[in-house]
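Each chain is listed here by its residues.
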Amino acid sequence: KNNSSIMWPRTCLWLFAILLCVIVGGESSEVPALTCPSGCRCFTTAEGLHKASCFSTSDLKKYSQNNNHHNINIMDLSYSNISKINNDLDKFTEVVSLDLSFNSIKVLEKVLQSSKKLVHLNLENNFLKTFSASSVPNSVSSLNLKHNYLENVPSDLYILRDLEHLELKGNP
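As the structure is a computational prediction, the values presented were derived from the model and not from experiment. (Residues numbered from 1 in each chain as written. Predicted model: local features only at pLDDT ≥ 70, side-chain atom pairs only at ≥ 80, totals over all residues. Heavy atoms only, no water.)

Engineer: Looking at this structure, I do not really get unusual backbone geometry. What am I missing?
Structural biologist: Across the chain, the bulk of peptide bonds are trans and the bulk of non-glycine residues have phi less than zero. Phi is positive for Asn 81, which is not a glycine, with a value near 55°. One can find Asn 81 in the loop between strand 3 (74-76) and strand 4 (84-85). For Asn 81, a relative accessible area of 71% translates into the label exposed. A positive phi angle, near 55°, is found at His 147, a position not held by glycine. Summarising the element assignment, His 147 is placed in the loop between strand 8 (142-144) and strand 9 (165-167). (Helix = DSSP H or I, 4+ residues; strand = E, 2+ residues; numbered from the N terminus. Buried < 20%, exposed > 50% of the residue type's maximum accessible area, 1.4 Å probe, protein only.)

Engineer: Any chance you could explain the sheet that holds strand 8 here in plain terms?
Structural biologist: Working definition: the strands of a sheet are paired by backbone hydrogen bonds and lie parallel or antiparallel to each other. The strand order across the open sheet built from 7 strands is 1-2-3-5-7-8-9, with neighbouring strands paired in mixed fashion. Unpaired on one side and paired on the other, strand 1 (40-44) and strand 9 mark the two borders of the sheet. Strand-to-strand twist of the sheet, defined as the mean angle between neighbouring strand axes without regard to direction, takes the value 5°. Sheet topology note: the strand 3/strand 5 (residues 97-99) ladder contains 3 bridges and is parallel. Counted as the bridge partner of Ile 74 is Ser 97 from strand 5. (Pairing = 2+ DSSP bridges. Axes fitted to C-alpha atoms, helices over the stretch in contact; angles between N-to-C directions.)

Engineer: What should I look at first to understand the pairing of strand 1 in this one?
Structural biologist: Regular strands place side chains that alternate from one sheet face to the opposite one. Sheet analysis places strand 1 next to strand 2 (residues 50-54), joined by 5 bridges and oriented antiparallel. What sits directly across from Cys 42, in strand 2, is Ala 52. Between strand 1 and strand 2, which follow one another and run antiparallel, lie 5 residues, and Gly 48 among them has a positive phi close to 90°.

Engineer: How should the nonpolar core be read in this particular structure?
Structural biologist: Within soluble globular proteins, side chains that are nonpolar generally end up buried alongside one another. In this structure, Leu 98 and Phe 131 are the most contacted members of the largest nonpolar core, which totals 32 residues. When contributions to this core are tallied by element, the ones reaching two or more residues are strand 2 and helix 2 (57-66). Sequence-distant contacts of Leu 98, defined by excluding residues within four places in its chain, comprise Met 75, Leu 77, Leu 89, Val 111, Leu 112, Leu 118, His 120, Leu 121 and Asn 122. (Core = buried A, V, L, I, M, F, W, Y, C linked by side-chain atoms within 4.5 Å. Contact = heavy atoms within 4.5 Å.)

Engineer: How should the state of the cysteines be read in this particular structure?
Structural biologist: Cysteine pairs can be covalently joined through their sulfur atoms, and such a bond is termed a disulfide. Under the definition given, this model contains 2 disulfides. Residue Cys 36 pairs covalently with Cys 42 via a disulfide, S to S 2.1 Å. On the sign convention where negative means left-handed, the S-S torsion of about 80° between Cys 36 and Cys 42 marks this disulfide as right-handed. Taking relative accessible area as the criterion, Cys 36 reaches 36% and is therefore assigned partly exposed. Two residues share a disulfide in this structure: Cys 40 and Cys 54, whose sulfurs sit 2.1 Å from each other. Given an S-S torsion of about 110°, the disulfide between Cys 40 and Cys 54 has right-handed geometry. Here Cys 40, found in strand 1, pairs with Cys 54, found in strand 2; they are 14 residues apart in sequence, far enough to count as distant. Judged by relative accessible area, Cys 40 falls into the buried class, the value being 13%. Ordinal numbering of bonded cysteines along the chain defines a disulfide pattern of 1-3, 2-4. (Disulfide = S-S within 2.5 Å.)

Engineer: How should the environment of Ser 139 be read in this particular structure?
Structural biologist: Within the secondary structure, Ser 139 is located in the loop between strand 7 (120-122) and strand 8. Its relative accessible area of 16% is what places Ser 139 among the buried residues. When the C-alpha positions of Ser 139 and Val 119 are compared, they lie 5.7 Å apart, and in sequence the two are 20 residues distant.

Engineer: Just to check I follow, could you spell out the pattern of salt bridges for this structure?
Structural biologist: A pair can form between side chains of opposite charge whenever their charged atoms are brought close. Summed over all chains, the structure comprises 3 salt bridges. Taking the shortest distance from any N to any O, the salt bridge between Lys 117 and Glu 94 comes out at 2.6 Å. With Lys 117 in the loop between strand 6 (107-108) and strand 7 and Glu 94 in the loop between strand 4 and strand 5, the pair connects residues that are 23 residues apart, well separated along the chain. The residue Lys 146 makes a salt bridge to Glu 167 at a minimum N-O spacing of 3.3 Å. Here Lys 146, found in the loop between strand 8 and strand 9, pairs with Glu 167, found in strand 9; they are 21 residues apart in sequence, far enough to count as distant. A residue is classified by how much of its surface remains accessible, and Lys 146, at 18% relative accessible area, is buried. Assessed through its relative accessible area of 24%, Glu 167 is described here as partly exposed. (Salt bridge = Lys/Arg side-chain N within 4 Å of Asp/Glu carboxyl O.)

See below:
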């Protein structure tokens, strides 16, 4: 027999085995780098941070109930018609930046209290009349409260020991 006719099936079998090893070996029990909640757009930034831009907290709540691993670092909930924030976000302990701007939030209850990593919090253009620093983690270093209805500078800002940047423009 011709050697090339014998080599061809062996080569195909060998390539198939390699492909199978790559496919099966590539699977892992680890959670993917970024699993995206439904109703969100997700991507990884150039700095390697995982960003999720979401349209509602209800999708995030369902996601957090069904997943034990939450590796979203930047959460954008701007323009989401949110009127109240409660513990829906508490399981997202890896969030460094949270954007809640351009919503209808009137009262801010405790936000991401279990997070020790939240650094940037954007609450611009909401309907906040009061703000208490005790409603956010002590790790916040940048706080945007522009264009709300705050009549006084929050008196307890001193508890945010890492606060370096505060924006209050556009309040009465």
